[in-house]
Amino acid sequence: MSAAVLAIVLSLFSAVAYAAAAVAQERLAAREAGTGVVRLLTRGAWWGSVALNASAALLHVSALKFGPLTLVQPLGALTLVAAVPLGARAAGRRVSAVEWRGTALTLLGLAALLVTASGPEPDEVLSLPEALAVAGATTAVIGVLSRPGAHPGLRHATASGFASGVASALTQTVTVAATDRSAPLLSAHVVVVALLVALFATVGLLLSQTAYRGGLGAPLALVTLANPVAAAVIGLSLLGERLQGGAAGLLLAAAGAGLASWGVVTLSRPDPAAPAPVDDHPVAAVLALEPGPAPVEPSLPAQRPAAPEHLTTL
C-alpha cells in the first residue's frame, strides 16, 4: 500500500471519529448552555467526546506521517460525509436528496484535490523560529475572532478551524522530526513544537465547544473549511509542498476546493423536506437541528371546585 493511500484510509477513520465527537459536543453544549468549563470537566459525556477526539487525533497524526498537509487536511470534509449515512441509519430513515447532493459534491471536490495534492511522504519540517512565528500569528487571529460581537458561534468556529489546522501542521513537524534518526528524539525543537501542538489542539477543542452552543450545522461547516485553509497555507508557503500538474493542476485543485466547499455548506444546511429529528442523536438530524426555546404548551383554564353537597336528614 502506497503512502498516499494509507494516508487517505487513516483520514477516513479519523473523520468518522471526529463526526461522532462533534455530535457529542453539540448535545452536551445544548444541555449545558451557560455552564462553565470547570463544570463541564465533571461530566462523563464531556470526557467521552474528548476520548473520541483523541482517537481521531491519533489517526490524523498517523495520516500526517504518510501524506502532505495539502492531501490530509482537505479530507477532514469527510467528517460531514460520514455523518450522513450514520445519522440516517440511527434515525431509521433514508438519506435525503439534499444529503445525497451534498455528499456527491463533497466527494467530487475531494477527488479533484486528491489528484493534484497526492505526493510523497513529508520530509520537511518547520524550524523553531517558523513554528513560533506561526503560533504568534495564529494567536493574534484567534484573539481578533474571539472578541465580543455579533455571530460569536461562527467566529469561534472559524477560530477553532484555524487553531486545529495550525495544530495539524505543527503535529506533522513533530512527527517527522521525532522519527528522523539524525536528530535526538527529545530535542528542544521537538519539545517546544509539541507543547504548541497541545496548546492549539486544546484551544481548538474549547472554541468548537462554545461555537456549537448556537447549533452544529454552520459552525461545523466553518470548522471543516477553515482547518484545511490554514494547514494548506503553511504547507505551501513554509514546507515546500506543491500541487501536481502545474497550471492545469492548480485550476483543477481550485475547482475541487470549490465543489467540496459547496458540498460541505449543503450538508450543513437544514433540509426542510427531511423528517423531524427524533429524540435520540442521529448525526444528520443534529446537523439540521436549529436551537430554540421549547414550545410553550397551552395551559388549561382553571376550574372552580364543585360546591360540596349538603347531607340532609330524613
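Bear in mind that the values here come from a model prediction, so they are computed numbers and not experimental data.

About the cut-offs
- Residues numbered from 1 in each chain as written.
- Predicted model: local features only at pLDDT ≥ 70, side-chain atom pairs only at ≥ 80, totals over all residues.
- Heavy atoms only, no water.
- Helix = DSSP H or I, 4+ residues; strand = E, 2+ residues; numbered from the N terminus.
- Buried < 20%, exposed > 50% of the residue type's maximum accessible area, 1.4 Å probe, protein only.
- Contact = heavy atoms within 4.5 Å.
- Axes fitted to C-alpha atoms, helices over the stretch in contact; angles between N-to-C directions.
- Parallel < 35°, antiparallel > 145°, perpendicular 65-115°, else oblique.
- Left-handed = near helix turned anticlockwise from the far one by under 90°.
- Nonpolar A, V, L, I, M, F, W, Y, C, P; charged D, E, K, R; others polar.
- 1 Å grid on protein atoms, 1.4 Å probe; cavity = no way out; pocket = protein on both sides within 12 Å on 5 of 7 lines; lining within 4 Å.
- Points joined across faces, edges and corners; volume = space filled by probe spheres on them.
- Core = buried A, V, L, I, M, F, W, Y, C linked by side-chain atoms within 4.5 Å.
- Phe/Tyr/Trp six-rings, centres within 6.5 Å; stacked < 30°, edge-to-face > 60°.
- Lys NZ or Arg CZ within 6 Å of the ring centre and 35° of its normal.
- Expected span 1.5 Å × (residues − 1).
- Arc of directions from axis to C-beta.
- Patch = residues over 30% accessible without salt bridge, like charges linked within 9 Å, V, L, I, M, F, W, Y side chains within 5 Å.
- Areas by Shrake-Rupley, 256 points an atom, 1.4 Å probe, with all protein chains shown as cover.
- Salt bridge = Lys/Arg side-chain N within 4 Å of Asp/Glu carboxyl O.

> Describe in detail the overall build of the chain, supporting the description with residues and values.
Counting its regular elements, the chain contains 12 helices and 0 strands. Each helix (α) and strand (β) of the chain, taken in turn from the N terminus, gives the series α-α-α-α-α-α-α-α-α-α-α-α. A buried classification covers 43% of the 314 residues belonging to the chain. Taking as baseline every contact in the chain between residues at least 6 positions apart, the subset at least 24 positions apart corresponds to 83%.

> Any details on the packing of helix 7 (residues 128-145) against helix 9 (residues 188-211)? Residues and values, ideally.
Running from N to C, helix 7 and helix 9 point in directions that differ by 20°, and their axes come no closer than 10 Å. By the angle between their directions, the pair helix 7 and helix 9 is classed as roughly parallel. Seen from above, helix 7 lies across helix 9 with left-handed handedness. For the pair helix 7 and helix 9, the contacting residues are Leu 128, Ala 131, Leu 132, Ala 135, Thr 138, Thr 139 and Ile 142 in the first and His 189, Val 192, Val 193, Leu 196, Phe 200, Val 203 and Leu 207 in the second. Considering only residue class, the contact of helix 7 with helix 9 consists of 11 nonpolar, 3 polar and no charged.

> Give a detailed account of the environment of Leu 225, specifying residues and quantitative values.
Note on placement: Leu 225 falls in helix 10 (residues 217-238). For the pair formed by Leu 225 and Val 264, sequence separation is 39 residues and the distance between their alpha carbons is 8.0 Å.

> Break down the layout of surface pockets for me, with residues and values.
Reported here for the largest pocket is a volume of approximately 920 Å³. Tyr 18, Asn 53, Ala 57, Ser 164 and Ala 201 are the residues nearest the centre of the largest pocket, which is lined by 37 residues in total. The set of elements that each furnish at least two residues to the lining of the largest pocket consists of helix 1 (3-31), helix 3 (44-66), helix 8 (152-178), helix 9 and helix 10. Each residue belonging to the lining of the largest pocket can be placed in one class, and the counts come to 20 nonpolar, 17 polar and no charged. Put simply, the second largest pocket is a space of about 370 Å³.

> Tell me about the nonpolar core, and name the residues and values.
Core analysis: the largest hydrophobic core is formed by 32 residues, its most contacted members being Leu 170 and Phe 200. Listed by contribution, the elements that provide at least two residues to this core are helix 1, helix 3, helix 4 (69-72), helix 7, helix 8, helix 9 and helix 10. With 8 residues, the single largest contributor to this core is helix 8. In contact with Leu 170, not counting residues within four places along its chain, are Leu 126, Ala 131, Val 193, Leu 196, Val 197 and Phe 200. Core analysis: the second largest hydrophobic core is formed by 19 residues, Ala 77, Tyr 212, Leu 220 and Leu 267 among them.

> Requested: an account of the packing of aromatic side chains, with residues and values cited.
Under the criterion given, the structure shown has 0 aromatic pairs. Over the ring of Phe 66 we find Lys 65; its NZ or CZ atom is 5.7 Å from the centre of that ring.

> How would you explain helix 7 if you had to name every residue and give the values?
Helix length check: helix 7, at 18 residues, gives a terminal C-alpha distance of 26 Å against a target of 26 Å (1.5 Å per residue), a fit within 8%. Within helix 7, burial applies to Ala 131, Val 134, Ala 135, Thr 138, Ile 142 and Leu 145. Looking straight down helix 7, one finds that the buried residues subtend no more than 100° of arc, so they occupy a single side.

> Give me the environment of Ser 96: which residues, what numbers.
Mapped onto the elements, Ser 96 comes out in the loop between helix 5 (78-91) and helix 6 (97-117). For the pair Ser 96 and Val 84, spaced 12 residues apart in the sequence, the C-alpha separation amounts to 9.1 Å.

> A description of a nonpolar patch on the surface should follow, citing residues and the corresponding values.
Residues Val 5, Val 9 and Phe 13 make up a contiguous nonpolar surface patch of roughly 250 Å² in combined accessible area. Positionally, Val 9 belongs in helix 1. For Val 9, a relative accessible area of 32% puts it in the partly exposed group.

> Outline the packing of helix 6 against helix 11 (residues 246-268), supporting the account with residue identities and numerical values.
One can describe the packing of helix 6 onto helix 11 by two numbers: an axis separation of 7 Å at closest approach and a directional angle of 155°. Here helix 6 is positioned roughly antiparallel relative to helix 11, judged by the angle of their axes. For the crossing formed where helix 6 meets helix 11, the hand is left-handed. Counted by class, the contact of helix 6 with helix 11 contains 15 nonpolar, 9 polar and 1 charged residues.

> An account of the side chain of His 60 is needed here, citing residue identities and associated values.
Within the secondary structure layout, His 60 lies in helix 3. On the basis of relative accessibility, which here comes to 12%, the residue His 60 falls in the buried class.

> I'd love a proper account of helix 6, names of residues and values included.
Taking 1.5 Å of rise per residue, 21 residues should cover 30 Å, and helix 6 covers 30 Å from first to last C-alpha, within 8% of that figure. When we look at burial in helix 6, the residues that qualify are Val 98, Glu 99, Gly 102, Thr 103, Leu 105, Thr 106, Gly 109, Leu 110, Ala 112, Leu 113, Thr 116 and Ala 117.

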